[in-house]
Amino acid sequence: YQRRVHGALLAAAASALAVPHEMISYAGSKVFRVVPRSQYELDALLALRNTSTVALGLDWWRYPAAVGHEVDLRVNPKMLSTIENFFSRVGLSAAVLIEDVQAAIDVQMKGAALTSDPNAFDFSQYHTVEDINTWVQTLPREFPGLVTVSQVATSYEKRPLYLAKISSGKGGSNKPAFWIDGGIHAREWIAPATVIYILNQFLTEYNTDPVTTRLLDSIDLYVLPVFNPDGYAFTWTNDRMWRKTRSKTGHVCIGVDPNRNWDFHWDDGGSSTNPCDDAYCGPKAFSEIEVSTVAAYIRSQPAIDGYINFHSYGQLWMSPWGYTGTDPKDFSTQNELSKEATTALAAVHGMQYQYGTIYNVIYPASGSSVDWTYGVSNVTFSYGVELRDTGRYGFLLPADQII
């Protein structure tokens, strides 16, 4: 069955892989959720994922991983009957999470910033990478002596990656440091929006809020708002659902999953060697200039002992490992902090976050930033955080839910 479908759709796939020259429309695309209740159903989903993703133009928002784990899948209009027949044949009960993806995109775009003026920067709206970078560059003038901004890397398409460092100058020369970043996956707009909100809160509350002041007098904070600027820019101009970088790897398909490209257990499960797959790990570890340069910077800062890589969606607080289901030696310590963090999150707005290792909570993922920071750079408190929501909007969270 899958071989017949695969062969019949190769021509359509080739057309879909062409580089777009205008914003792709997702009118009529739906997002389905299924939950495999048996090994047979899981195996069927894994076979579909591994053999027909490109040919059918499937977009896995949550990958099949284990019996009982939710699987979310975006399907183009022309493939709806094929996938619905597949669900029926396998015995999977499918719920529709998003009836029309383009309609959800249109709602989210209403929350795009209407002005690029950094003096009128609105944290309740989504911003382009250019506007974020402009705002970040104003911070040393607005908060002199508290924050510095440097260009930590240059992307494949020559965009700057700006890193803000908050340091109060107190606490001595051996202060520990914490790193947070967002936007490593381009389409996860809530991640950069959350990171810049956090950055602004720390800066504006220093010397006014005692908790923030004590914290920043005890640690330094590194903040990278947009890890994957090329991909993020592309989601604003060409394809809202783009996930990868924009590098050319010698194949018709462009880009690499930057969170499968780190040089620790690279290509060791939970990634793809197909350049057309959204989880493509790249031709080699650290093939992506953004990943290799940022990794080198983190490695050069031995004081960093905390790391958070923000994503969406799912409301998950996850620790290493992603490449294996075996818990690391520091798991109990890491998991205790995960518990404290999720309890604190629930206390603010009642949002419930699951916690545990990447492998066990969401799915296997090798070559990730969190595994590398812990496994290579010895950052014990390394976490990947999947922000809101749990599927109602997925990657298309409306702007009124940023704050």
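Just above, that's the structure.
Residues numbered from 1 in each chain as written. Predicted model: local features only at pLDDT ≥ 70, side-chain atom pairs only at ≥ 80, totals over all residues. Heavy atoms only, no water.

A. Spotlight on the overall build of the protein chain. Per the secondary structure count, the protein chain includes 13 helices and 12 strands. Its C-alpha radius of gyration of 21 Å places the protein chain within 12% of the 22 Å reference for a compact globule of 403 residues. Considering only C-alpha atoms, the protein chain reaches an extent of 65 × 45 × 45 Å along its principal axes. Across the 403 residues that make up the protein chain, the buried fraction comes to 55%. Taking all contacts inside the protein chain whose residues are at least 6 apart in sequence as the whole, residues at least 24 apart take part in 74%. For the protein chain, the exposed area adds up to about 16600 Å²; of that, 52% sits on carbon and sulfur atoms. (Helix = DSSP H or I, 4+ residues; strand = E, 2+ residues; numbered from the N terminus. Rg over C-alpha atoms; globule rule 2.2 N^0.38 Å. Buried < 20%, exposed > 50% of the residue type's maximum accessible area, 1.4 Å probe, protein only. Contact = heavy atoms within 4.5 Å. Areas by Shrake-Rupley, 256 points an atom, 1.4 Å probe, with all protein chains shown as cover.)

B. Representation of the state of the cysteines. A complete count under the given rule lists one disulfide for this structure. Two residues share a disulfide in this structure: Cys-253 and Cys-276, whose sulfurs sit 2.0 Å from each other. Between Cys-253 and Cys-276 the disulfide shows an S-S torsion of about 85°. By sign, it is right-handed. Separated by 23 residues along the polypeptide, Cys-253 in the loop between helix 9 (229-237) and helix 10 (289-299) and Cys-276 in the loop between helix 9 and helix 10 bring together distant segments of the chain. (Disulfide = S-S within 2.5 Å.)

C. Structural view of the packing of helix 3 (residues 39-56) against helix 4 (residues 80-90). Two numbers describe how helix 3 lies on helix 4: the axes approach to 11 Å, and their chain directions differ by 160°. With respect to helix 4, the axis of helix 3 lies roughly antiparallel. In this structure, helix 3 meets helix 4 at a crossing whose hand is right-handed. Residues Tyr-40, Glu-41, Ala-44, Leu-45, Leu-48 and Leu-56 of helix 3 form the contact with helix 4, whose participating residues are Ile-83, Phe-86, Phe-87, Arg-89 and Val-90. Split by residue class, the contact of helix 3 with helix 4 holds nine nonpolar, no polar and two charged. (Axes fitted to C-alpha atoms, helices over the stretch in contact; angles between N-to-C directions. Parallel < 35°, antiparallel > 145°, perpendicular 65-115°, else oblique. Left-handed = near helix turned anticlockwise from the far one by under 90°. Nonpolar A, V, L, I, M, F, W, Y, C, P; charged D, E, K, R; others polar.)

D. Inspection of the sheet that holds strand 7 (residues 177-182) at higher detail. The sheet built from eight strands is open, its strands ordered 5-6-8-7-9-12-10-11 with mixed pairing. The sheet is open, and its two borders are formed by strand 5 (147-154) and strand 11 (354-357), each paired with just one other strand. In this sheet, neighbouring strand axes are inclined to one another by 20° on average, regardless of whether the strands run parallel or antiparallel. Across six bridges, strand 7 lies against strand 9 (residues 304-312) in parallel orientation. By the bridge assignment for strand 9, Phe-178 is matched with Gly-306. (Pairing = 2+ DSSP bridges.)

E. Structural detail: the nonpolar core. By size, the foremost hydrophobic cluster in this structure holds 50 residues, and its most contacted members are Phe-87, Trp-179 and Val-294. The leading source of residues in this core is helix 4, at five residues. Beyond its immediate chain neighbours, meaning those up to four positions away, Trp-179 contacts Leu-163, Tyr-222, Leu-224, Val-294, Tyr-297, Ile-298, Ile-304, Gly-306, Tyr-307 and Ile-308. Counting 44 residues, the second largest nonpolar core, distinct from the first, contains Phe-123, Val-136, Ala-164 and Tyr-353. (Core = buried A, V, L, I, M, F, W, Y, C linked by side-chain atoms within 4.5 Å.)

F. Looking closely at the environment of Lys-175. Here Lys-175 is to be found in the loop between strand 6 (160-166) and strand 7. Among the residues examined, Lys-175 registers a relative accessible area of 6% and is labelled buried. Here the alpha-carbon distance between Lys-175 and Leu-216, two residues 41 residues apart in the chain, equals 9.9 Å. Discounting chain neighbours no more than four positions away, the residues touching Lys-175 are Ser-167, Ser-168, Gly-169, Lys-170, Leu-216, Asp-217, Ser-218, Ile-219, Asp-220 and Ala-303. Within the local environment of Lys-175, its side chain forms a polar contact with the backbone oxygen of Leu-216, the two atoms lying 3.2 Å apart. (Polar contact = N/O pair within 3.5 Å; in protein donor to acceptor, adjacent residues only side chain to side chain.)

G. Structural view of the sheet that holds strand 4 (residues 95-98). Taken in spatial order, the four strands make up an open sheet running 2-3-1-4, and their pairing is antiparallel. What marks the edges here is a single partner per strand, and that holds for strand 2 (59-62) and strand 4. Adjacent strand axes in the sheet meet at a mean angle of 35° when their direction is disregarded. Pairing of strand 1 (residues 30-34) with strand 3 (residues 71-75), which is carried by five bridges, proceeds in the antiparallel orientation. Residue Lys-30 lies in a different strand from strand 3, and its bridge partner there is Val-75. In this fold helix 3 packs onto strand 1, strand 2 and strand 3, with an angle of close to 140° to the strand it touches most, strand 2.

In short, shape yes, function no, at least from these values alone.
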